[in-house]
Amino acid sequence: MLERCGVRSIEELYADVPQQLRLKNGYALPAAKTEKEVRDFFDALGAKNKQLTCFAGGGFYHRYTPAVIPALLSRSEFLTSYTPYQPEISQGTLQYIFEYQSMMAELTGLEVSNASMYDGATATAEAMMMAAAATRKRDTVLVSATLSPAVRAVINTYARYHGVTVREIAADNGVTSLDDLRVKLAEGKVAGVILPQPNYFGIIEDLTGFAEEIHAAGALMIMNCIAADLAVLRSPGEWGADIAAGDAQSLGMPLHYGGPYLGFLCCTKPLIRKMPGRIVGATTDENDNRTFVLTLQAREQHIRRDKATSNICSNQGLMALHTAIYLSLLGPDGLKEVCDAGMNGAHYLADRLTATGKMTLAYPGKPFLNEFAMKCSFNVDNLLRLCLENEILGGIKIDASTILIAVTEMQTKAEIDKLVQLVATSNLE
């Protein structure tokens, strides 16, 4: 190997690595262990983790995963399958991706879905790039101030390196200002407008009139959505959106210390050729049997650098399958039941916390589903610290006196009451 590399020794091979960066001692590896000893070691390590009751959200939620999903995902044809370039040997993979696309298109009320993306933030940034590519000679994208800060940070990174200017639409009492949108649209060169539903504060925004204003200015309307909430809210298609993007983690995916999750991206039919990633289509073979293939895009498109529509090459098939199984198991009625459970728990908790006299809704009168922001008469850090001491993840700090709290189908009434009791009986000042 050294000879083929054209060097005479290991030292010569690593000559470019500074001496101060080289490991001088041996590796600090433990002695060999038996299988049982290895299991015991990792069991003891895992036992150090605390199982907290999770009231934190902010775009990622504690959700229940039906047992059948990991059972099916662990099958070798799914767990080890590669991206389906050869349709003749990939019909199973292609079919479940096609079913995933079909269900996501129905959920968003739009005509086309791609084969999935890495996460909701990058999917939304890709939607921004779609708008810039579709409208031409327009280099400005407007982003609502009520969109998640994490998603906005990713959008800003993409924009910085693609020559896109991002401008903020002001918030008015916790929701996107239609008046400020009109002002910024009138300034011209707007390719797209990104609006959240629900927004970062958990508020369900009334987007009446937004699509008309955006389209009249020649721009595209992009909605960043929480996938599960679309089971009970007006779909992006019903609002008149051109593109919908977001994270599908809320569709039964465990938090898993941060992933893997799944970004979804759907659009109207005229935008299909601007859509990144892969799209699976249905056709027939020479015997007139229904079959599935990658469609509209050649494999080479994904390695054409600046000429490709995106640098996303993986279709994240395993997580698309996870979502397809979840949606098919629950169906429309089951999804609504899950949303109802979160909504009932959230409104019950908000009412009980308000009754303590120490917390009030940050935006009273604004509708919310399963997440809400509360103003506190004390420093939020004190509450979060107290919650951790009682094995509760109490929420997300927005600022020193405001906390974002989420409830899903996973929190019991007893757990909700425990949080309320902590607030009511503790000195948090």
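Residues numbered from 1 in each chain as written. Predicted model: local features only at pLDDT ≥ 70, side-chain atom pairs only at ≥ 80, totals over all residues. Heavy atoms only, no water.

Considering the sheet that holds strand S14 (residues 371-376)
- With antiparallel pairing, four strands are arranged side by side in an open sheet as S13-S14-S17-S16. Of all the strands in the sheet, just strand S13 (359-361) and strand S16 (396-399) have a single pairing partner and so form its edges. The average angle at which neighbouring strand axes cross in this sheet is 35°, direction not considered.
- Two strands pair when backbone bridges link them, and S16 and strand S17 (residues 402-406) are joined in this way by three bridges, in the antiparallel orientation. Note that in S17 the partner of aspartate 399 across the bridge is threonine 402.
- Along the sheet face, helix H12 (residues 317-355) touches S13, S14 and S17 and points at about 10° away from the line of S14. (Pairing = 2+ DSSP bridges. Helix = DSSP H or I, 4+ residues; strand = E, 2+ residues; numbered from the N terminus. Axes fitted to C-alpha atoms, helices over the stretch in contact; angles between N-to-C directions. Contact = heavy atoms within 4.5 Å.)

Focus on a nonpolar patch on the surface
- Together, Ile10, Leu13, Tyr14, Val17 and Leu21 line one region of the surface with nonpolar side chains, adding up to about 470 Å² of accessible area.
- With respect to the helices and strands, valine 17 occurs in the loop between helix H2 (10-13) and helix H3 (35-47). (Patch = residues over 30% accessible without salt bridge, like charges linked within 9 Å, V, L, I, M, F, W, Y side chains within 5 Å. Areas by Shrake-Rupley, 256 points an atom, 1.4 Å probe, with all protein chains shown as cover. Salt bridge = Lys/Arg side-chain N within 4 Å of Asp/Glu carboxyl O.)

Observations regarding unusual backbone geometry
- A cis amide bond links glutamine 197 with the next residue in sequence, proline 198, at an omega value of -15°.
- Its place among the elements puts proline 198 in the loop between strand S7 (190-197) and helix H10 (210-216).
- Proline 260 follows glycine 259 through a cis peptide bond whose omega is 5°.
- If you trace the backbone, proline 260 turns up in the loop between strand S9 (243-247) and strand S10 (263-267).
- A positive phi is found at serine 116, a non-glycine position, where the angle reads about 100°.
- Checked against the element boundaries, serine 116 lands in the loop between strand S2 (112-113) and helix H7 (120-135).

A closer look at empty space enclosed by the protein
- If you walk through the whole model with that rule in mind, you get four cavities of 30 Å³ or more.
- For the largest cavity, the calculated volume is near 70 Å³.
- As for the largest cavity, its lining consists of Phe201, Ile203, Leu361, Tyr363, Lys366, Phe368, Glu371, Phe372 and Ala373.
- With three residues, S14 is the single largest residue contributor to the lining of the largest cavity.
- Classifying every residue of the lining of the largest cavity gives seven nonpolar, no polar and two charged. (1 Å grid on protein atoms, 1.4 Å probe; cavity = no way out; pocket = protein on both sides within 12 Å on 5 of 7 lines; lining within 4 Å. Points joined across faces, edges and corners; volume = space filled by probe spheres on them. Nonpolar A, V, L, I, M, F, W, Y, C, P; charged D, E, K, R; others polar.)

What to know about the environment of proline 70
- One can find proline 70 in helix H4 (residues 68-73).
- We classify proline 70 as partly exposed; its relative accessible area is 45%.
- With 255 residues separating them in the primary sequence, proline 70 and isoleucine 325 have C-alpha atoms 10.0 Å apart. (Buried < 20%, exposed > 50% of the residue type's maximum accessible area, 1.4 Å probe, protein only.)

Structural notes on the side chain of threonine 93
- Counting through the fold element by element, threonine 93 comes out in helix H6 (residues 91-108).
- The residues contacting threonine 93, other than those within four sequence positions of it, are Glu77, Ser81 and Pro84.

Notes on the sheet that holds strand S4 (residues 165-169)
- The strand order S2-S10-S9-S8-S7-S3-S4 describes an open sheet built from seven strands, whose pairing is mixed. The strands lining the two open edges of the sheet, one partner per strand, are S2 and S4.
- Pairing of strand S8 (residues 220-226) with S9 involves five bridges; the strand directions are parallel. Residue isoleucine 222 lies in a different strand from S9, and its bridge partner there is isoleucine 243.

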